[in-house]
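Geometric and topological summary
Residue-level listing of the chains:
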Amino acid sequence: MNPHRISAVIGKESREILRDPITLGVAILMPLVMLFLFGYAISLDLRKAALGVLDEDRTPASRALIEHLTSNESFYLGRFLNSAREIETVLQRNQVDLVLVIPSGLQESLLRQEHPDVQILVDGTYSTTALLAAGYAENLVSSYAAAPPEGRLRLETRIWYNPSLASANYVVPGLYAVILLAFPPLLTALGVVREKETGTIQSIFASPLTSSEFIIGKLVPYSLIALLQMLMVVAVGYLWFGVPFRGSFAFLVAAGLIYVFCTVGIGLLVSTLTRTQLSAMLLALIVTLMPSFLFSGLLFPIFTMPALLQLYSGIFPGRYFVEISRGIVLKGIGIDIALTQVTVLAVYTLAVFFLASWRLRKKVA
Amino acid sequence: MRLSSLLIKELIQFFRDRVILLLILWLYTVEVVICAYALGLDLRHLPLAVLDQDRNAASRLLVDSLTSSESFRLTGFPQDMQQAEQWLQSGRTRAVLVIPPDYAADLVRDEEPTLQLLLDGSDANTAATVRNYIMRGLIFYQAGLGLDVTPSVQPVIRIWYNPDLTYTRFMVLSMIALAALMVGVIHPAATIVREKEFGTIDQLQVTPVRISELFIAKTVPTLLMGTLSVFPSLLIVWWFDVPLRGSLLLFVLLTALFLLSAIGIGVLIAAACRTLQQALLLSFFGLFPMMFLSGTLAPIASMPSALQYLSLLSPLRYYMDVILGIFLKGNGIADLWLQALALAGIGLALYAIAAAVFHRQRT
Amino acid sequence: MGTQDSDKWIIEAEGVGRCFGHHEALSRIDLQIGRGEIFGILGPDGAGKTTLMQLLAAILDPTAGRCRVLGFDTVRDAAQVTARIGYMSQGFTLYDRLSVDENLAFSARIRSVPDALFQQRRKALLQMAGLESACRREARVLSGGMRKKLSLCTNLIHEPSLLLLDELSLGVDPVSRRDLWRMLRTFRAQGTTIVLTTPYMDEASYCDRLAFLHQGQLLAVDSPDALKERARGQVYEVVTARQEEVQQLTGEYREIVSGQWLADRFRLQLASGKAPSEPLRHKLEALGAFGPAAPDLENTFVQLTAPPTDTGSTPEQTGFESVQVDGTDAITARGISVRFGNFSALKNLSFRVAAGEVIGWLGPNGAGKTTLIRVLCGLQRPSAGEVHIAGVALRSAPMAVRARIGYMSQHFSLYPDLSVIENLVFFAGLYGLSRHKRRDAVHWVKTVVGIEGIDGRQAGDLSGALRQRLALACAIMHRPAVLFLDEPTSGVDPLARRRFWQLIQLLARAGMAVLVSTHYLEEAYYCHRLGLMNNGRLIALGTLGELRSALETPLHTADMETLFMTYMARASADEGAIT
């Protein structure tokens, strides 16, 4: 390996990227757009769900219950219903998300120290919303005017690392991993396949440059971009979304560097397997983008998946770095705890790199 | 005559492009099945560790009662607080239930023993779920002991349209919608830009073909394919026990309308781009916000209002209402006319802009 | 590995062959190329030229035989080979977003050229290529000629002992081509060995030795003069303008293996070794002054590749109907200008083209030829000026115009994933032909351009020559009044080119006006009139004779190249005087 030749490739590649406004724009803007979309749009807190009320009691007690449910951020009073027949209509037309049915006689039976039932009807079509709404409503009703819901056993909950259970704190650090798996491979793959399509790669083949020098030369600038993306996303996460940062920054950068090499390496591998930009993009879509969202543990915890698919998720490096970055950012873990994940990533990276160098033989056919 | 020629050509090309066909097939089948099996927000097998400082029959009974359901997976018994903490930190477990040393004695003395639940809040969603499950588990356990635990007003939850709240149904339907969107955007964009790259678009423009004819020819194959691939995916839907409560015809019609607006996005992208790389990157750039702002991944109502307004531009948002409404609620056109109108409006606007862009480029 | 042989031979190929799947691209090639030679490889499309170059550059392994380059085996010691050669592949091998300087520097650094040496060579090379003033510009804004020169520079920066150039002057204008050859000769003088492939016969004759490659086989290796000699005695010329009668003769007499119209004469080649038979000689002498002529490389090529296929059915026999143009000019252009921002691509062009006229458009890269054709087709709106096509104003009735024109771009724009017949039927449909008429049109056009029997093949798999014919077929199927051809013959081998021109002349005789742009100056002989363009201006328009005598010092016998260079030089001098 000759450092001069590698630096020549790096210099050329960096200039090309810096002068291509679309690629550069996507590289810089896309992660930020994603971060903001995710940070704001993927809030799993329930806010402002429309509550329909069918109050058949119409007593101070029933009004107090309604007040209790709607005096917070989660629900607002969508509309009052006059009869049970209306329930079907308002739910069907998405006018409300859930309906509280208070039977007549609520106040009386409360006075008699009985335990009256109220019904909560939830529109189950959007499961995410439905699950959250049902849970929130259940808790609110249970806590209405009475003893602790646990009964005699007192439960004292301590939530560590993210006491407010804020979605952003949980989504944003996971995003560091996802964004780095979603975009650098795509950019890298297109960068190499474009050389194949335009034919410039033939000049590279017919020069003293070796495949590993070429691969490293491509790896470095794209990894730098990816690292820049990561720092940008971490900074915005910390400054804008107020995500705490408990662990060592140096450790995050170091682990991030390995991860970035890994994802860029995957992009290079994809580019050695495909001939056209369209197929490179499709392959990248299937091996990096989709799994990075769905199988990294970002939104869907891996432990609830069937065993076979848990194994499947292990193929993609995203899940390891999601664990690392959440660990560092929220829990302040160090290398001692994350050793397994870091090792897996390092081995993964080397494997990808060697596979790519081996696939990129300096021959046209 | 000209139009039929264009159409026949597009159809031939469409079915000759194996990579694209494979992609479409993959998105409509494998991806849907994998996701339906793998992904769920209905949490099961939550990793729970128990630090039992009492170690007697009463505490074991409590543990058994809590972990007998599918909800929890017992990850072990840490020796002390320090170890419990370490397990949480390393991610070996997501929650630790601490049973105090005098738990059994307190119960017998009719005092109120305090259990501690330590939660890993880094996965906020899981943490909240664990707390709910534990609370419900405790009530259930105490009811078994014959203690009076019922709250003064008892909520009875009924989930309509999707009674067991399985995420699967939702996932299957939303993956189908996503597949339709991706195919709808990427395919026409790629085929039009390819004509630009090969120079055949110039060849077309010296013939009497009109821009509108070209658009129609580019739209129809994707529309046809997208609508037809609804039928194989109905098999998957059936396999996952998703009911079809509404009218199949209405579903197919509205799917076509949705595809039309998705294709409009693709056509617009193609009008604006010169190379395939640009078109592909831009489709990417467009697809993601649409996915997020559709209500597929998170409730729209919880988003900041600016994003809520933005989501009004995403055709996927309306289509999610359509697909979920027809399948799960049995909605008819009386309930969905607004969505249909929105889809048609977005589609037409996109085509108009694309045509304007095409015209401007020729000067 | 420095044996004595390898000192003498830079390249030694023994029985080299290469298969792609079942297709044998090259078979049993034996070749020796010595130090300091300029060695040319000549052959039609699909002959295996590029494959051979890639084998020599050690970026493709042979499937049979072995090959030693600079004394190293191209399979075992590929890295040794690639470290010592320069290889310019067919496309443009530059990085568009890098400047001229940066492209050069990149090329030097991946070959570990020391900095001081690089600076020195850079200066010399840029000067030689005339690129000094452009050294900060990005490669994508350079003209085709400049890009080729830069590509050559990037392959010379490490002063390789062997230079492999695939299709050196493809799409390059005659002026730049001269510069390229000057550079090659300079380096040859310093001992560099140069191997190149070319479709230009005139360029081939500059080489020291030539190899004829045909269908993967090496037909002959010799010096250009010796090769020309092989066809001596087979070539004759008759000075005449009676085209119908000549056409009849070529159909009648099988001994004529190929024929070619020049400006005022018909040049024909006879089957090897025989003088023309008495009846033929009589008939030819009756047409005009008849006598033997000096053979050129094309004649040898024709002789080596055996009878070409184009003597069979002549299109006249297939029911060609003349195209109706109602008395008016086919093209009238008045004061056309096109501006892109500050840049004027066309400056106030006015001219007329009559029905049945073939008008050739010549000029260096970037002179505005393609822009002109795009304006006339309605693909580009002019900033000023008016165009009438067959009597219809382009601006007011674009759709009516579109039905009367045919256009063929320099990329032979076809749908590569459609078969030949699918492409034809598709374009027929675009012109709104009914099912019945469509079938007739497809049948007619297939016989006219000679693409029968390949209906099922995909357009993307065809050789350049067949793609060219198919593209022409698609452009003339609706029998347009005016046909626009933008560099219709670039990258196509000489035989296919000649056959293509026969077709064009045939169409013109039927009344079609044909406007064609080209870089091949020899093609000017096929045109009735010539338009010379430079820097967006029309600097001369007229017949070859008119152009020759219009100069201050008329060049009555000058060949096309001299004439072209003279006009270009004069135009540049004028520009200089104005600015």
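Residues numbered from 1 in each chain as written. Chains lettered and ligands numbered in written order. Predicted model: local features only at pLDDT ≥ 70, side-chain atom pairs only at ≥ 80, totals over all residues.

As annotated in an unreviewed UniProt entry, chain B is Transport permease protein from Marinobacterium zhoushanense. Turning to chain B, the UniProt annotation filed under Sequence similarities (unreviewed entry) states: "Belongs to the ABC-2 integral membrane protein family." (UniProt positions renumbered as here; feature names shortened; annotations may be inferred.)

Naming follows an unreviewed UniProt entry, where chain A appears as Membrane protein of Marinobacterium zhoushanense. Here is the UniProt Sequence similarities (unreviewed entry) comment for chain A, exactly as written: "Belongs to the ABC-2 integral membrane protein family."

**Description of the overall build of chain A**
Counting its secondary structure elements, chain A contains 15 helices and five strands. For chain A, the C-alpha radius of gyration of 27 Å lies well beyond 21 Å, the compact-globule estimate for 365 residues. Along the first, second and third principal axes, the C-alpha set of chain A runs to 95 × 45 × 40 Å. Across the 365 residues in chain A, those meeting the buried criterion constitute 54%. Counting contacts in chain A only where the partners sit at least 6 residues apart, residues at least 24 apart contribute 79% of the total. (Helix = DSSP H or I, 4+ residues; strand = E, 2+ residues; numbered from the N terminus. Rg over C-alpha atoms; globule rule 2.2 N^0.38 Å. Buried ≥ 20, exposed ≤ 12 C-beta atoms within 10 Å, placed from the backbone. Contact = placed C-beta atoms within 7 Å.)

**Describing the sheet that holds strand β1 (residues 9–20) of chain C**
To summarise the sheet geometry, strands pair through backbone hydrogen bonds and adopt either a parallel or an antiparallel arrangement. All names here are of chain C. One open sheet holds the four strands; their spatial order is β2-β1-β4-β5, and the pairing between them is antiparallel. Looking at which strands have only one partner, the edges of the open sheet turn out to be β2 (23–34) and β5 (72–73). In this sheet, β2 lies alongside β1 in antiparallel orientation, the contact comprising eight bridges. When the sheet's bridge partners are listed, Trp 9 is paired in β2 with Gly 34. (Pairing = 2+ DSSP bridges.)

**Here we look at the sheet that holds strand β18 (residues 384–389) of chain C**
All names here are of chain C. Overall, antiparallel pairing links the four strands, which are arranged β16-β15-β18-β19 in an open sheet. Each end of this open sheet is capped by a strand with a single partner; those strands are β16 (343–353) and β19 (392–393). Bridge analysis of strand β15 (residues 331–340) against β18 gives five bridges, and the strand direction is antiparallel. For Ala 333, the partnering residue across the bridge sits in β18 and is Val 387.

**Comments concerning the packing of helix α1 (residues 2–16) of chain B against helix α10 (residues 211–228) of chain B**
Residue and element names in this part refer to chain B. Between α1 and α10, whose axes approach to 9 Å, the crossing angle comes to 40 degrees. In terms of their interaxial angle, α1 and α10 are classed as oblique. Taken as a pair, α1 and α10 cross one another with a handedness that is right-handed. Two secondary-structure elements touch here, α1 through Arg 2, Leu 3, Leu 6, Leu 7, Glu 10, Leu 11 and Phe 14 and α10 through Glu 213, Leu 214, Ile 216, Ala 217, Lys 218, Val 220, Pro 221 and Met 225. The class makeup of the residues in the contact of α1 with α10 is eleven nonpolar, no polar and four charged. (Axes fitted to C-alpha atoms, helices over the stretch in contact; angles between N-to-C directions. Parallel < 35°, antiparallel > 145°, perpendicular 65-115°, else oblique. Left-handed = near helix turned anticlockwise from the far one by under 90°. Nonpolar A, V, L, I, M, F, W, Y, C, P; charged D, E, K, R; others polar.)

**Topic: helix α5 (residues 81–90) of chain B**
Residue and element names in this part refer to chain B. By the burial criterion, the buried members of α5 are Ala 84, Trp 87 and Leu 88. Buried residues of α5 fall within an arc of 100 degrees about the axis and therefore sit on the same side. Once α5 finishes, Gly 91 follows within two positions and takes phi at roughly 80 degrees, a positive value. (Arc of directions from axis to C-beta.)

**Here we look at the domain arrangement of chain B**
Partitioning chain B into structural domains gives domain 1 (2–39 + 166–361) and domain 2 (46–145). Relative placement of domain 1 of chain B and domain 2 of chain B: their C-alpha centres are 48 Å apart. (Domains from an automatic or database assignment.)

**A closer look at the UniProt feature "transmembrane region" (unreviewed entry) in chain B**
Residue and element names in this part refer to chain B. Within this numbering scheme, the UniProt entry marks residues 20–39, 170–193, 214–240, 246–272, 279–301 and 336–358 as carrying the feature "transmembrane region" (unreviewed entry). Taken as a whole, residues 214–240 contains 93% helix and 0% strand, while its terminal C-alpha atoms sit 40 Å from one another. Across residues 336–358 one finds 100% helix and 0% strand; the C-alpha atoms that close the span lie 33 Å apart.

**Overview of the interface of chain C and chain A**
Counting residues at the interface gives 24 residues for chain C and 24 residues for chain A. For the side of chain C that touches chain A, the elements supplying multiple residues, two or more each, are α3 (78–82), β6 (85–88) and α4 (100–109) of chain C. Its residues assigned to classes, the side of chain C that touches chain A comprises 13 nonpolar, six polar and five charged.

**Notes on the confidence of the model for chain A**
When pLDDT is averaged along chain A, the result is 82; 94% of the residues meet or exceed 70. For chain A, the element scoring lowest by mean pLDDT is strand β5 (residues 154–160) of chain A, at 69; helix α11 (residues 249–273) of chain A scores highest, at 90. (pLDDT = per-residue confidence, 0-100.)

**With respect to the confidence of the model for chain B**
Interpretation of this model should avoid reading the predicted coordinates in detail wherever pLDDT is low. All names here are of chain B. When pLDDT is averaged along chain B, the result is 81, and 90% of the positions lie at 70 or above. Across chain B, element-level confidence peaks in helix α12 (residues 248–272) with a mean pLDDT of 91 and bottoms out in strand β5 (residues 154–160) with 65. If you check the scores for this complex, the pTM reads 0.77 and the ipTM reads 0.71.

**Observations regarding the environment of Ala84(A)**
Examined against the element boundaries, Ala84(A) turns out to sit in helix α4 (residues 84–92). Considering only alpha carbons, one finds Ala84(A) and Val342(A), 258 residues apart in sequence, at a separation of 58 Å.

**Description of the UniProt feature "transmembrane region" (unreviewed entry) in chain A**
Residues and elements named next belong to chain A. In the numbering used here, UniProt assigns the "transmembrane region" (unreviewed entry) feature to residues 21–42, 170–193, 219–241, 247–270, 282–308 and 328–356. End C-alpha atoms of residues 282–308 are separated by 24 Å, and the span's content is 56% helix alongside 0% strand. Span residues 328–356 is 90% helix and 0% strand, its end C-alpha atoms 30 Å apart.

**Notes on helix α5 (residues 115–129) of chain C**
Residues and elements named next belong to chain C. Under the 1.5 Å per step criterion, the end-to-end length of α5 is 21 Å for 15 residues, consistent within 8% with the ideal 21 Å. Among all positions in α5, only Arg 122, Leu 125, Leu 126 and Ala 129 are buried. Along α5, the residues classed as buried sweep out an arc of 95 degrees about the axis, all on the same side. In this structure, α5 carries Ala 116, Gln 120, Lys 123 and Gln 127 as exposed residues pointing more than 90 degrees from its buried face. Buried residues belonging to α5 abut α4, α6 (144–154) and α7 (174–189). (Expected span 1.5 Å × (residues − 1).)

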